[in-house]
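Below, each chain spelled out in residue letters.
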Amino acid sequence: MSFADRLLTLADQVRAPRTVDAHCDLMCGVYDPAQARVEAESVEAIAQKYHASDDPVFRDRAIFIKEERAELVKHHLSVLWTDYFKPHHVEDYPNLHDLFWRAIKQAGDAKKTMDPAAGSRLLELIDEIADIFWKTKNA
């Protein structure tokens, strides 16, 4: 095969459209509700520590950090919802859309309050999502 033929073959390979099929953005294994859970645990713990302190500087920092962590929960849940779960999951688990909506809303609510109960409710919702997630992974 001449150099020109090899170059043409290489160019065809580079230009040739390829169809790939993947469950997620990347190969499976990169998504995990544990990311949201870790941040939600921080939201709950920070709210508890806030109430245990009378140091105004500590309390100001606690509010700031808790708000960051709650925003990260929203991010991780949104990514999991939009990038991992597919229409057939919603068919198998009809409450999935509502569950994600409530969890993301709860993360927003936890961001706005220093009530540790808001973090506890958030963790409960994330645990429900995780239960469904692991069922889909093991299916």
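Residues numbered from 1 in each chain as written. Predicted model: local features only at pLDDT ≥ 70, side-chain atom pairs only at ≥ 80, totals over all residues. Heavy atoms only, no water.

(A) Structural context of the nonpolar core. Core analysis: the largest hydrophobic core is formed by 24 residues, its most contacted members being V73, L77, L80 and F85. Among the secondary structure elements, those contributing two or more residues to this core are α2 (34-52), α3 (56-84), α5 (96-112) and α6 (116-137). In terms of residues, this core owes the most to one element, α6, which gives eight residues. Ignoring anything within four residues of it in the chain, the contact list for L80 reads Y31, D32, P33, F85, F100, I129 and F133. A47, Y50, A62 and M114 belong to the second largest nonpolar core, which has five residues in total. (Core = buried A, V, L, I, M, F, W, Y, C linked by side-chain atoms within 4.5 Å. Buried < 20%, exposed > 50% of the residue type's maximum accessible area, 1.4 Å probe, protein only. Helix = DSSP H or I, 4+ residues; strand = E, 2+ residues; numbered from the N terminus. Contact = heavy atoms within 4.5 Å.)

(B) A look at the side chain of E44. On the secondary structure map, E44 appears in helix α2. Notably, E44 is buried but unbridged: the nearest opposite-charge side chain belongs to R37, and the N-O separation is 6.6 Å. Beyond its immediate sequence surroundings of up to four residues, E44 is in contact with P116, G119, S120 and L123. (Lys, Arg positive; Asp, Glu negative; His and termini not counted. Salt bridge = Lys/Arg side-chain N within 4 Å of Asp/Glu carboxyl O.)

(C) Spotlight on the pattern of salt bridges. Under the criterion given, the structure shown has seven salt bridges. One salt bridge connects E71 with K74, and the closest N-O pair in it is separated by 3.6 Å. Pair noted here: E71 and K74 are both in helix α3, with a separation of three residues, about one helical turn. Using a relative accessible area of 34% as the deciding quantity, one classes E71 as partly exposed. Residue classification places K74 among the partly exposed positions, given a relative accessible area of 24%. Residues D131 and K135 are paired through a salt bridge, measuring 3.2 Å at the closest nitrogen-oxygen approach. Highlighted residues: D131 and K135, both in helix α6, separated by four residues, approximately one helical turn. A relative accessible area of 42% places K135 in the partly exposed class. One connected set of salt bridges, linked through shared partners, spans R37, E41 and D127.

(D) Inspection of the packing of α3 against α5 at higher detail. Close contact between α3 and α5 brings their axes to 8 Å; oriented N to C, the two are set at 165°. By the criterion of interaxial angle, the relationship of α3 to α5 is roughly antiparallel. Crossing hand, α3 versus α5: left-handed. On the side of α3, the interface is formed by K66, E67, A70, E71, V73, K74, L77, S78, L80 and W81, while α5 contributes L96, H97, F100, A103, I104, A107, G108, A110, K111 and K112. Of the residues that constitute the contact of α3 with α5, the class distribution is eleven nonpolar, three polar and six charged. (Axes fitted to C-alpha atoms, helices over the stretch in contact; angles between N-to-C directions. Parallel < 35°, antiparallel > 145°, perpendicular 65-115°, else oblique. Left-handed = near helix turned anticlockwise from the far one by under 90°. Nonpolar A, V, L, I, M, F, W, Y, C, P; charged D, E, K, R; others polar.)

(E) Focus on α3. For α3, with 29 residues, the first-to-last C-alpha span of 41 Å sits near the 42 Å given by 1.5 Å per residue. Restricting attention to buried positions, one finds in α3 the residues A62, K66, A70, V73, L77, L80, D83 and Y84. Structurally, α3 contributes buried residues whose contacts are with α2, α4 (87-92), α5 and α6. Two or three places before V57, at the start of α3, stands the capping residue D55, its side-chain oxygen 2.9 Å from that residue's backbone nitrogen. (Expected span 1.5 Å × (residues − 1). Polar contact = N/O pair within 3.5 Å; in protein donor to acceptor, adjacent residues only side chain to side chain.)

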